[in-house]
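# Breakdown of the fold
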Amino acid sequence: MQLKHVAQANLPTAWGCFTIVGFEEIATGKDHAALVFGDISGDAPVLTRIHSECLTGDALFSLRCDCGFQLEAALKQIAKEGRGILIYHRQEGRNIGLLNKIRAYALQDKGFDTVEANEQLGFAADERDFTLCADILTLLGVSQIRLLTNNPEKIKVLEQSGIKILQRVPLEVGENPNNEHYLETKVNKMGHLLHLHHGNCNCNH
Ligand SMILES: Nc1nc2c(ncn2[C@@H]2O[C@H](COP(=O)(O)OP(=O)(O)OP(=O)(O)O)[C@@H](O)[C@H]2O)c(=O)[nH]1
Ligand SMILES: [Zn+2]
């Protein structure tokens with residue numbers, strides 16, 4: 001177990017009242033959070049979203065990615081279902097951190113794609129560790145889920161970590177002219193399961 005439970009409290013939102021549960025990585029002190037809705041006990045698989053931190057998309061209204069749209073859609077869907085978990089996984093920029101993500105964006109402004117930009121900076125395309133999310137589910141007493149994702153890698157790592165995924169629930173929202181190339185790269189180079197609609201891009205790539 002890489003984390004410990006620290007504290008929890010009510011978190012009213014526009015879509016209903018969640019419980020926010022705070023966790024700390026034992027080795028580093030780094031914090032993560034889960035938003036829990038309804039009664040997640042029992043054997044029925046729990047609708048779960050693993051949301052990776054994206055300051056620009058989650059809080060600053062960026063259209064470069066689909067994160068903010070996915071965050072809102074996932075919370076709405078969980079509240080509508082009456083039961084579920086959103087893990088707010090604090091590995092910004094696929095775990096290269098905010099400043100390196102801004103460096104990567106600068107390279108993308110010059111024509112590199114999201115994978116090439118990470119590689120130029122000396123990182124793998126995706127540096128995230130989803131085993132922490134399996135530990136959060138274990139601390140919440142959940143072992144069977146339906147996962148909201150388009151990323152097969154999340155499914156693979158969670159299953160290897162002992163979480164049973166009974167269904168993949170697609171989460172396809174937020175496509176816009178600014179993130180079309182970015183989403184295409186996720187499909188073509190990172191194996192994401194997205195169906196794109198191809199509008200006109202107004203960027204310079
Ligand atoms: N390094 C880097 N990170 C990015 C970039 N754009 C978005 N991110 C980060 O990517 C993470 C979200 O991952 P995505 O690949 O969009 O989606 P996912 O979580 O793997 O898959 P889904 O479950 O289908 O949403 C967040 O941490 C973002 O900050 C980028 O161009 N470069
Ligand atoms: Zn984002």
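Residues numbered from 1 in each chain as written. Chains lettered and ligands numbered in written order. Predicted model: local features only at pLDDT ≥ 70, side-chain atom pairs only at ≥ 80, totals over all residues. Heavy atoms only, no water.

### Quick word on the layout of surface pockets
Our working definition: The distinction between a cavity and a pocket rests on a 1 Å grid over the protein atoms alone: a 1.4 Å probe fits inside a cavity but cannot get out, while a pocket stays open yet meets protein on both sides within 12 Å along at least five of seven lines, and a residue with an atom within 4 Å of a point counts as lining. Grid points are joined across faces, edges and corners, and a volume is the space filled by probe spheres set on the points. Gly is put with the polar residues, along with every residue not named as nonpolar or charged; the nonpolar set is Ala, Val, Leu, Ile, Met, Phe, Trp, Tyr, Cys and Pro, and the charged set is Asp, Glu, Lys and Arg.
Considered as a void within the structure, the second largest pocket measures approximately 170 Å³ in volume. Surrounding the second largest pocket, Trp15, Gly57, Asp58, Phe61, Ser62, Leu63, Gly68, Phe69, Leu71, Glu72 and Leu75 form its lining. Partitioned by chemical class, the residues of the lining of the second largest pocket number 6 nonpolar, 3 polar and 2 charged.

### Brief notes about a nonpolar patch on the surface
We count it as follows: Only residues whose relative accessible area exceeds 30% and that form no salt bridge enter a patch; like-charged residues are grouped when within 9 Å of one another, and nonpolar side chains (Val, Leu, Ile, Met, Phe, Trp, Tyr) when within 5 Å. Here, Shrake-Rupley sampling with a 1.4 Å probe gives the accessible areas, and only protein chains in the shown set may cover a residue. Salt bridges, as used here, are contacts in which a Lys or Arg side-chain nitrogen is within 4 Å of a carboxyl oxygen on Asp or Glu. Helix and strand labels come from DSSP, where a helix needs a run of H or I of at least four residues and a strand needs a run of E of at least two; each type is numbered from the N terminus.
Taken together, the side chains of Met1, Ile26 and Leu139 make up a nonpolar region of the molecular surface, amounting to roughly 290 Å² of accessible area. Position of Leu139 relative to the elements: it lies in helix α6 (residues 131-139).

### Observations concerning the UniProt feature "binding site: Zn(2+)" (unreviewed entry) in the chain
For clarity, the cut-off: UniProt positions are given in the numbering used here, feature names are shortened, and annotations may be inferred rather than shown by experiment. Burial status follows relative accessibility: with a 1.4 Å probe on protein chains alone, a residue under 20% of its type maximum counts as buried, one over 50% as exposed, and anything between as partly exposed. Two residues form a contact once any of their heavy atoms are found within 4.5 Å.
According to UniProt, the "binding site: Zn(2+)" (unreviewed entry) feature falls on Cys54, Cys65 and Cys67. Looking only at the residues we just named, the largest cavity is lined by Cys54, Cys65 and Cys67. The residue Cys54 is located in the loop between β4 (46-52) and α1 (55-58) in this model. Looking at Cys54, the relative accessible area reads 4%, which means it is buried. Those residues in contact with Cys54 that sit more than four places away from it in its chain are Ala59, Cys65, Cys67, Tyr88, Glu92 and Lys101. Here Cys65 lies in the loop between α1 and α2 (67-81). By relative accessible area, Cys65 is classed as buried at 2%. Sequence-distant contacts of Cys65, defined by excluding residues within four places in its chain, comprise Cys54, Gly57, Gly174, Asn176, Asn179 and Tyr182.

### Quick word on the sheet that holds β4
To keep it simple, the criterion reads: Following DSSP output, two strands are said to pair if at least two bridges run between them. Between N-to-C directions, angles span 0 to 180 degrees; the directions come from axes that are lines fitted to C-alpha atoms, helices contributing only their stretch in contact.
One open sheet accounts for 7 strands, arranged β1-β2-β3-β5-β4-β6-β7; its pairing is mixed. The open sheet terminates on both sides in strands that have one partner only, identified here as β1 (3-13) and β7 (164-169). Ignoring which end each strand starts from, the neighbouring axes of this sheet average 25 degrees apart. Direction of pairing for β1 relative to strand β2 (residues 16-25): antiparallel, over a ladder of 10 bridges. Within the sheet, the bridge partner assigned to Leu11 lies in β2 and is Phe18. Contacts from helix α7 (residues 152-160) reach β4, β6 (144-148) and β7 within the one sheet, and its direction differs from that of β7 by about 165 degrees.

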